Amino acid sequence: MAESESHADSREHSRRTRGARARALTRALFERLTALEPGSAEHARVRGALIEANLPLVHYVALRFRSRNEPLEDVVQVGTIGLIHAIDRFDTSRGVQFPTFAMPTIIGEIRRYFRDNVRAVHVPRRLHETWIQVHGATEDLTLSLGRTPTTAEIAERLGIPEEEVLAGLEAGRAYRVSSLEAVQDREDTTPGLVERLGYEDPELTGVEHRALVRHLLVQLPEREQRILLLRYYRNLTQSQISLELGLSQMHVSRLLSRSFARLRAGNTIDA
């Protein structure tokens, strides 16, 4: 166990060293940037160095969206736009660490990308191709018949079963998303859809704060992460944690105190 702890401490030391170097480089680059004339060649060079130095932060955020069926490279590219916006708006005089300032901007840019540019529902390639065929046949038949064709007529034109035509039409709905705030034609006083669905989540204001906490949490050693999760997500006492991990309760208490100190240090406001 002593060898395992030594290895974990070595990894933690290496991680903290890299993090400290990255923060120091970012601070130095921002100090240099503020002294340069915007639009000059040197300003552009330093700005580019800032972008490159903070790309790991973009990759970290992008990995949170890896379940969205979008290429990671695309998400990273969008997140980099958010990083650039954060660099251009960052005010060194406020004393806030740049990663703390940039995280919400990067996350927001990626969320806007998924909201505005990605299909509402991921459509398999086969259904997507069927929808293209159905859409084309529908337009042709509408012109020749002077009316909207039936499902049977579309199926006959394409030589496919009616079930496939219906599946293609259903897939096409993924490309047509109505806004919850869209005006609906109705004469009664029934509330609109946006007024009838959902509610304002009281936890919404804490979303970005939790994202920042997770960003700081992953910088802790794996054992300390586990202790925090056991304490605050499984609500175990220090005594129960010590039994589960095979550590003394005093050691668990020291590790918790050290974790809190590191988390606070990672989110301090520079003097």
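Quick summary incoming for the structure in this document. (Residues numbered from 1 in each chain as written. Predicted model: local features only at pLDDT ≥ 70, side-chain atom pairs only at ≥ 80, totals over all residues. Heavy atoms only, no water.)

This paragraph deals with the nonpolar core. Counting residues in each nonpolar core, the largest one holds 28 residues, and the members touching the most others are Phe 98, Ile 106 and Ile 110. When residues of this core are traced back to their parent elements, those giving at least two are α1 (2-34), α2 (41-53), α3 (55-63), α4 (72-89) and α5 (98-117). A total of 9 residues in this core trace back to one element, the largest contributor, which is α5. If we skip the residues at most four places from it in the chain, Ile 106 touches Leu 57, Val 58, Val 61, Gly 79, Gly 82 and Leu 83. (Core = buried A, V, L, I, M, F, W, Y, C linked by side-chain atoms within 4.5 Å. Buried < 20%, exposed > 50% of the residue type's maximum accessible area, 1.4 Å probe, protein only. Helix = DSSP H or I, 4+ residues; strand = E, 2+ residues; numbered from the N terminus. Contact = heavy atoms within 4.5 Å.)

Bringing the environment of Ala 86 into the picture now. Within the element layout of this structure, Ala 86 appears in helix α4. Taking the relative accessible area as the measure of exposure, Ala 86 reaches 0% and is therefore buried. Sequence separation between Ala 86 and Phe 101 is 15 residues; the distance between their C-alpha atoms is 7.3 Å. If we skip the residues at most four places from it in the chain, Ala 86 touches Phe 98, Phe 101, Ala 102 and Thr 105.

Attention now goes to the packing of aromatic side chains. Two numbers describe a pair of aromatic rings. These are the distance of the centres and the angle of the planes. Using the criterion set out here, one finds 4 aromatic pairs in the structure. Here Phe 30 and Phe 90 contribute two aromatic rings whose centre-to-centre distance is 4.7 Å and whose plane-to-plane angle is 55°, an arrangement assigned as tilted. Taken together, the residues Phe 30 in helix α1 and Phe 90 in the loop between α4 and α5 connect sequence positions 60 residues apart. Grouping residues by exposure puts Phe 30 and Phe 90 together as buried. Aromatic side chains Phe 90 and Phe 98 sit 5.2 Å apart centroid to centroid with 80° between the ring planes, which places their arrangement in the edge-to-face category. Grouping aromatic residues by their ring pairs yields a cluster made of Phe 30, Phe 90, Phe 98 and Phe 101. (Phe/Tyr/Trp six-rings, centres within 6.5 Å; stacked < 30°, edge-to-face > 60°.)

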